[in-house]
Amino acid sequence: MAAVQSGSTATLRDEGIETDRPLYVTQPYLPPLEEFIPYLEKIWETKKLTNNGPFHRQLENALCEFLGVEHIALFTNGTLALVTALQALRITGEVITTPFSFVATAHSLLWNGIKPVFADIDRDTLNLDPGRIEAAITPQTTAIMPVHCYGRPCDVDAIQRIADNYNLRVIYDAAHAFGVRYPSGSVLRHGDLSVLSFHATKVFTTFEGGAIVCPDAKTKQRIDHLKNFGFVDEVTVVATGINGKMSEVNAALGLLQLKYIDEAIARRKEIDATYREQLRGVRGIRCLPDADKYLANYAYFPILLDGDYPVSRDALYQDLKDHNIHPRRYFYPLISDFPMYRGLSSALRNNLPVATRAAEQVLCLPISTALGQTDLDRIVRVIAKRGSLPQQR
Ligand SMILES: Cc1ncc(COP(=O)(O)O)c(C=O)c1O
């Protein structure tokens, strides 16, 4: 389909839709700067900058409590946490994963010399479809790496049943799933390990950062060695570890962020509800099901454009950008379409029809604490206006 005519964009501007303030897919919540200064003063005073310092230890304890998990190891970012999680469990051979994710999910496998095997996703959750996992298992398969995409939980019970039947490990890429919980407890307690990202785009951020959630102290100890070059003490190195440690400045920011996280998620929840309400009448726009069986973090607001919407996803994407609104096409292209993956037989499009379609339909709308009602009205107005236009080809 051709891009939307610029004439119609001009009409929208004439109708008084403000375009001056850029609206990004997300904007980090930053606590008041003056509240961060005492943390910095402490760092300057103690001169402890890294290597399991006091803020690092405090943040690990605070996160265990907030998230409702037993053990957590902080990292410099989520990607190194993923790479290390695979090392910690000594994963080799083939790992079954989703193509509908950020590229770091599969990259962490390649960094470990592991072959990713892509399986298709479920139409309603956009997470790895448990019904497609068994057919992807070979004698080389050692683990499954699902992603709680957009923070929406995978079918953890079905995945665990398959893992138990075939003696596979499960490492969740839970980069989006900070704070997500069932009535029975944190979603991060499922599988063998869960990996979080605290990147600037995430609900909870430490500028850059990440973590591995693990169930026992022995595994945490191995992870702690691996993230510190393999050092056990000054003269003992037990593994080819990496430098994945979180610094004291990042840990301090995390401690301060944690004080505001409930408020931030509550505001995101309001935005999610407003979008759902205001987009309800727009033909051809599908929102993913409301979070009913779990406590969500409202990290993203994805919509899917089906054939009833008068223009293509890319045309709407461009139209929003023309109005200084910057959604993202998470996740397009599929990981399996990138050059280092597309030669794999599991990357063929006919193996991944649901993911292929979703990648063509999806658009993540802006969601952050920085958005007010007028911003949301502005976004919805562009989408609704375009939705009511006659078909353009
Ligand atoms: C699903 C997913 N996995 C992994 C990562 C990598 O995390 P980081 O940017 O902290 O390295 C991200 C995001 O950045 C992500 O969205």
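Look a little higher up for the structure.
Small disclaimer: the values here were computed from a predicted structure and weren't measured. (Residues numbered from 1 in each chain as written. Predicted model: local features only at pLDDT ≥ 70, side-chain atom pairs only at ≥ 80, totals over all residues. Heavy atoms only, no water.)

1. Structural notes on the sheet that holds strand β5 (residues 141-145)
Read from one edge to the other, the open sheet built from 7 strands follows the order β2-β10-β9-β6-β5-β3-β4, with strand pairing classed as mixed. Since the sheet does not close on itself, it has two edges, and those belong to β2 (71-75) and β4 (115-118), each with one partner. For this sheet, the mean angle separating the axes of adjacent strands, direction not counted, is 25 degrees. Judged from the 4 bridges that link them, strand β3 (residues 94-97) and β4 form a sheet pairing that is parallel. (Pairing = 2+ DSSP bridges. Helix = DSSP H or I, 4+ residues; strand = E, 2+ residues; numbered from the N terminus. Axes fitted to C-alpha atoms, helices over the stretch in contact; angles between N-to-C directions.)

2. Structural notes on the packing of helix α2 (residues 33-46) against helix α8 (residues 248-279)
Where α2 meets α8, the closest approach of the two axes is 10 Å, and the angle between their N-to-C directions is 150 degrees. Here α2 is positioned roughly antiparallel relative to α8, judged by the angle of their axes. In this structure, α2 crosses over α8, and the sense of that crossing is right-handed. Across from E35, F36, Y39 and I43 in α2, the residues of α8 making contact are E248, V249, A252, L253, L255, L256, K259 and Y260. For the contact of α2 with α8, the class distribution of residues is 9 nonpolar, no polar and 3 charged. (Parallel < 35°, antiparallel > 145°, perpendicular 65-115°, else oblique. Left-handed = near helix turned anticlockwise from the far one by under 90°. Contact = heavy atoms within 4.5 Å. Nonpolar A, V, L, I, M, F, W, Y, C, P; charged D, E, K, R; others polar.)

3. Examining the sheet that holds strand β14 (residues 301-305)
Here we have 3 strands laid out as an open sheet, ordered β13-β14-β16, and antiparallel in their pairing. Both outer strands of the open sheet, β13 (285-287) and β16 (362-365), are each paired with one neighbouring strand and no more. Each strand of the sheet is rotated relative to its neighbour by a mean of 35 degrees, with strand direction disregarded. As defined by bridge partners, β14 adjoins β16 across 4 bridges and the pair is classed as antiparallel. In the sheet register, I303 faces β16, and the bridge partner there is L363. Its contacts with the sheet place helix α9 (residues 313-322) against β14 and β16, and it is angled at close to 25 degrees to β16. Strands β14 and β16 of the sheet are contacted by helix α10 (residues 353-361), whose axis makes an angle of about 50 degrees with β16.

4. Some remarks on helix α3 (residues 54-67)
The first and last C-alpha atoms of α3 sit 20 Å apart over 14 residues, in line with the 20 Å expected at 1.5 Å per residue. Among all positions of α3, only F55, H56, L59, E60, L63, C64 and L67 are buried. (Expected span 1.5 Å × (residues − 1). Buried < 20%, exposed > 50% of the residue type's maximum accessible area, 1.4 Å probe, protein only.)

5. Some details on the nonpolar core
Core analysis: the largest hydrophobic core is formed by 104 residues, its most contacted members being L63, F100, Y150, L196, Y275 and I383. When residues no more than four places from it in sequence are discounted, the contact partners of Y275 are F301, L365, P366, L371, L376, I379 and V380. The next biggest cluster of nonpolar side chains, apart from the first, holds 22 residues, and it includes L86, M145, I223 and L226. (Core = buried A, V, L, I, M, F, W, Y, C linked by side-chain atoms within 4.5 Å.)

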